[in-house]
Amino acid sequence: RIREGDPGERRVRRKGMVDTGELLKNAAFYPGEIGGAHDFGESAGGGGNKVGLSEFVTHNHSLLAIWFSTQEEAPPVLLPCICCANVNVTEGLSRRQRIWIFSFVLVSILIITLQVRAYGWEPYWLWIWIKTMVIILPVTCIFKTVLPDYSKWLNQRAPPRCFSVVRVEEAALAAALLVACVWFAVMTGVYNTASVVADFFSTLGAMMVAEVVSLVWKYCCCTTCCSCCLPPGQGHYRERSV
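Here the structure is a predicted model, which means the values were calculated and not measured.

Some words on the confidence of the model for the protein chain
Now for step 1: Summary statistics for the protein chain give a mean pLDDT of 74 and a share of 64% for residues scoring 70 or more.
Now for step 2: The secondary-structure element of the protein chain with the lowest mean pLDDT is helix H3 (residues 37–40), recorded at 34, while helix H8 (residues 168–188) shows the highest, at 94.
Now for step 3: Under a pLDDT of 50 for its full length, residues 237–242 has, in the predicted model, 21 contacts with residues more than four places off or in other chains.

Following this line, the structure appears as structure tokens:
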């Protein structure tokens, strides 16, 4: 028998043998996973509980993940960064910061839509797509990385009477949206402005619903055809980013 602290015990650890004490410690936090693929390195498709449909959808949806993911996770928040797909750029962001990122993307695309409509650039969808990919996508990726530090720096220097409830970045985003809507209303009229904004949010709602349907289809497809693609069940979203 090798006792803890003996040289032989350290050699066993270096050889990569299972530490029973560590496994029992993990079992206290993640019951049901002990002995499964997560602990013993077996293939993910070798059995065990898988993540449920509701948890899979709520932790992978662009909007729902903002509310259901914890601060240690890295949920998708619209416009995924292609250049850093393997980096958890949203990990560590608070729920309020994730809501701001989500709102920034929506407001930016809406402002681009108003600009394209006001100047009559056709086809509309092509100009909106080009500006989104060239401008909004890289800026969003940068904000996901630097927002916590810059937000703290700005709000520490802002007048506390003016920004005790609303943060500086939130006020700036709301002001940009207001200015864009007023400018478009002056250019084309209030009725056209209301029509464009209504069409924008109706399209957004359809996209959110379509994303739910897509995630449900993906879950069912993985369950039926390739269960190894599904993450493990209980505790998965507390230890692994989505």
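Side note on the nonpolar core
Taken as a class, soluble globular proteins show a tendency for nonpolar side chains to be buried jointly.
Now for step 1: By size, the foremost hydrophobic cluster in this structure holds 18 residues, and its most contacted members are Trp-100, Phe-104, Ile-109, Ile-112, Leu-114, Ile-128 and Leu-173.
Now for step 2: For this core, the secondary-structure elements that each account for two or more residues are helix H6 (95–119), helix H7 (124–157), H8 and helix H9 (190–225).
Now for step 3: Looking at this core, the element that brings in the most residues is H6, giving ten residues.
Now for step 4: Residues within four places of Phe-104 in sequence aside, it is in contact with Val-139, Thr-140, Phe-143 and Leu-173.

What to know about the packing of aromatic side chains
Now for step 1: Considering all chains together, one arrives at eight aromatic pairs under this definition.
Now for step 2: Ring centres of Trp-100 and Phe-143 lie 5.3 Å apart, and the angle between their planes is 85°; this geometry places the pair in the edge-to-face category. Here the residue Trp-100 occupies a position in helix H6, and Phe-143 occupies one in helix H7, the gap between them amounting to 43 residues.
Now for step 3: On the basis of relative accessibility, which here comes to 26%, the residue Phe-143 falls in the partly exposed class.
Now for step 4: Between the aromatic rings of Phe-104 and Phe-143, the centroid separation amounts to 5.0 Å while the plane-to-plane angle is 90°, which identifies the pairing as edge-to-face. Of this pair, Phe-104 sits in helix H6 while Phe-143 sits in helix H7; the two residues are 39 residues apart in sequence, bridging distant segments of the chain.
Now for step 5: Here Phe-104 falls in the buried class, since its relative accessible area comes to 11%.

Structural notes on H7
Now for step 1: The terminal C-alpha atoms of H7, which comprises 34 residues, lie only 40 Å apart, well short of the 50 Å expected from a rise of 1.5 Å per residue.
Now for step 2: The sharpest bend along H7 measures roughly 65° and falls at Val-146, with the proline Pro-148 sitting one to four residues further on.
Now for step 3: Lining the buried residues of H7 we find H6 and H8.

Describing the packing of H6 against H8
Now for step 1: Close contact between H6 and H8 brings their axes to 10 Å; oriented N to C, the two are set at 15°. Relative to H8, H6 is oriented roughly parallel. Crossing of H6 over H8 shows left-handed handedness. Contact with H6, carried on its side by Arg-96, Trp-100, Ser-103, Phe-104, Val-107, Leu-110, Ile-111, Leu-114, Gln-115, Arg-117, Ala-118 and Tyr-119, involves Glu-169, Glu-170, Leu-173, Ala-176, Leu-177, Ala-180, Cys-181, Trp-183, Phe-184 and Thr-188 of H8 and no other residues of that element.
Now for step 2: Tallied by class, the residues present in the contact of H6 with H8 amount to 15 nonpolar, three polar and four charged.

Observations concerning unusual backbone geometry
Now for step 1: Look at the link from Glu-122 to Pro-123: it is a cis peptide, with omega at -5°.
Now for step 2: Positionally, Pro-123 belongs in the loop between H6 and H7.

Digging into the pattern of salt bridges
Now for step 1: Enumeration over the complete set of coordinates arrives at one salt bridge.
Now for step 2: For Glu-170, the salt bridge identified is with Arg-96, shortest N-O distance 2.6 Å. Highlighted residues: Glu-170 in helix H8 and Arg-96 in helix H6, separated in sequence by 74 residues.
Now for step 3: When its relative accessible area of 35% is taken as the criterion, Arg-96 is described as partly exposed.

Criteria and cut-off values
- Residues numbered from 1 in each chain as written.
- Predicted model: local features only at pLDDT ≥ 70, side-chain atom pairs only at ≥ 80, totals over all residues.
- Heavy atoms only, no water.
- pLDDT = per-residue confidence, 0-100.
- Helix = DSSP H or I, 4+ residues; strand = E, 2+ residues; numbered from the N terminus.
- Contact = heavy atoms within 4.5 Å.
- Core = buried A, V, L, I, M, F, W, Y, C linked by side-chain atoms within 4.5 Å.
- Buried < 20%, exposed > 50% of the residue type's maximum accessible area, 1.4 Å probe, protein only.
- Phe/Tyr/Trp six-rings, centres within 6.5 Å; stacked < 30°, edge-to-face > 60°.
- Expected span 1.5 Å × (residues − 1).
- Bend = angle between axes of the 7 residues up to and from the residue.
- Axes fitted to C-alpha atoms, helices over the stretch in contact; angles between N-to-C directions.
- Parallel < 35°, antiparallel > 145°, perpendicular 65-115°, else oblique.
- Left-handed = near helix turned anticlockwise from the far one by under 90°.
- Nonpolar A, V, L, I, M, F, W, Y, C, P; charged D, E, K, R; others polar.
- Salt bridge = Lys/Arg side-chain N within 4 Å of Asp/Glu carboxyl O.

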